[in-house]
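# Residue-level structural notes
Listed here are the chains, written in short residue letters.
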Amino acid sequence: ATNTIYEFDFLSETFSNCGSTCGTWPSNIMNAAAVGYNGLVYVFGGSTAAGAANSINNNRYFDPAVPSVTGLTGHSLARANAGAALVNNRMYILGGISNSLDCNAATSFGCTNNHYYDIGLNSWSSALTAVSHNFSNGATAAFGSKIMAFGGLTNSGGTVTNAVSQYDADTDTWTNCGAGCTSLATARDGLAAATHNTSAYIVGGQNGATYYTLVEEYDFLTQTQKDCDGGCQPLPGQRSLGSLLAYGGKLYYFGGMIGGSGVNTIYVYTP
């Protein structure tokens, strides 16, 4: 885990140091969940080192204009490797691993916990309807009031899933998509997802020591897989645990791991 903060300029496609300095995060963290809202980056949880026992419940935002880090109301349940999605002004935290058995999947791995943080009120919701499939190291993407949860590790952390679940933030209900939604082509964890137009793109991932170059497109409107207008071009290299962002009609995949080692590559994909 590290406390470094880097700035990526999408226009020049280069890294810079926030004009002068980005500063550092207040603590070393890894596997945190984050969303962007009104020019700020909200970061929840994570862990100080690998493993559920090291998960934390810190909640902060980073303001790149200053730059500065501001503390917010934490949650009672520490979680790392969770999914995060923004709906309206709420940051939803889904699944993950916990340093306690508070995970309602009855294990510190593969939580089904579901809460949101209200950015305007600086407060947390009570427990929402549990995630349909327990997961950590999965991927989430939002479209309108809908949030999709893709794949991940379940139970003790040793089993991967290809499950796709849909959450409706307006009605606080889940659909487990086995009948209504297409499952992922390949079960995996460490995958990343981002929303572009009316689709989610799901990239990379792993199953044990097997790493993937997979790129899948998932249509929010039809709840089915699509073929990226003629076929989804795979990642140039096998990757897991990278970050995927959509900007300017492109998808950017940052870093990740291959074979247990971190990498610093950046791939750009035009859907």
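Residues numbered from 1 in each chain as written. Predicted model: local features only at pLDDT ≥ 70, side-chain atom pairs only at ≥ 80, totals over all residues. Heavy atoms only, no water.

### Regarding the pairing of strand E21 (residues 215-219)
It is a general feature of regular strands that their side chains alternate between the two faces of the sheet. Burial within E21 is extensive, with 5 of its 5 residues counted as buried. In E21, alternate side chains face the same way, and those of Val-215, Glu-217 and Asp-219 on one face and Glu-216 and Tyr-218 on the other are all buried. Taking the residues that link successive antiparallel strands as the turn, the E21-strand E22 (residues 224-226) hairpin has 4 residues, and the phi of Gln-223 there is positive, at about 55°. (Buried < 20%, exposed > 50% of the residue type's maximum accessible area, 1.4 Å probe, protein only. Helix = DSSP H or I, 4+ residues; strand = E, 2+ residues; numbered from the N terminus. Pairing = 2+ DSSP bridges.)

### Details of unusual backbone geometry
The omega torsion of the bond from Val-66 to Pro-67 falls at -20°, within 30 degrees of zero and hence cis. As for its placement among the helices and strands, Pro-67 is situated in the loop between strand E7 (59-63) and strand E8 (68-71). One non-glycine residue, Asn-38, adopts positive backbone phi at about 50°. Residue placement: Asn-38 occurs in the loop between strand E5 (33-37) and strand E6 (40-44). Exposure remark for Asn-38: the relative accessible area of 64% places this residue in the exposed category. With a phi close to 55°, Asn-197 is a non-glycine residue in the positive phi region. In this fold, Asn-197 is placed in the loop between strand E17 (192-196) and strand E18 (199-203). The class for Asn-197 is exposed, based on a relative accessible area of 59%.

### So, the state of the cysteines
With the rule as written, the count across this model stands at 1 disulfide. Paired by a disulfide, Cys-228 and Cys-232 hold their sulfur atoms 1.8 Å apart. Around the S-S axis, the bridge from Cys-228 to Cys-232 shows a dihedral of about 80° and counts as right-handed. (Disulfide = S-S within 2.5 Å.)

### Focus: the environment of Tyr-37
By the secondary structure assignment, Tyr-37 is in strand E5. C-alpha separation for the pair Tyr-37 and Ile-119, spaced 82 residues apart in sequence, amounts to 8.9 Å. In contact with Tyr-37, other than residues within four places in its own chain, are Tyr-42, Leu-86, Asn-88, Asn-89 and Ile-119. (Contact = heavy atoms within 4.5 Å.)

### Things to note about the environment of Trp-25
Position of Trp-25 relative to the elements: it lies in strand E4 (residues 24-29). Put simply, Trp-25 and Asn-3 are 22 residues apart on the chain and 4.7 Å apart in space, counted from C-alpha to C-alpha. Dropping the residues within four chain positions of it, Trp-25 is found in contact with Asn-3, Ile-5, Val-43, Arg-60, Phe-62 and Val-69.

### Some points on the packing of aromatic side chains
Inspection of every chain in the model, using the stated rule, returns 18 aromatic pairs. Their ring planes at 75° and their centres at 6.3 Å tell us that Phe-15 and Phe-254 sit as a pair that is edge-to-face. Residue Phe-15 is located in strand E3 (residues 14-16), and its partner Phe-254 is located in strand E24 (residues 250-254); the two are separated by 239 residues in the primary sequence. A relative accessible area of 46% places Phe-15 in the partly exposed class. Classification of Phe-254 as buried rests on a relative accessible area of 15%. Between the aromatic rings of Phe-150 and Tyr-218, the centroid separation amounts to 5.6 Å while the plane-to-plane angle is 70°, which identifies the pairing as edge-to-face. Residue Phe-150 is found in strand E14 (residues 146-154), and its partner Tyr-218 is found in strand E21; the two are separated by 68 residues along the sequence. Aromatic rings pair up to connect Tyr-6, Phe-8, Phe-10, Phe-15, Tyr-247, Tyr-252 and Phe-254 into one cluster. (Phe/Tyr/Trp six-rings, centres within 6.5 Å; stacked < 30°, edge-to-face > 60°.)

### A look at the sheet that holds strand E23 (residues 243-247)
Spatial strand order, E23-E24-E27: 3 strands in an open sheet with antiparallel pairing. Among the strands making up the open sheet, the edge pair consists of E23 and strand E27 (266-269). Going from strand to strand, the sheet's axes swing by 20° on average, the running direction of each strand aside. (Axes fitted to C-alpha atoms, helices over the stretch in contact; angles between N-to-C directions.)

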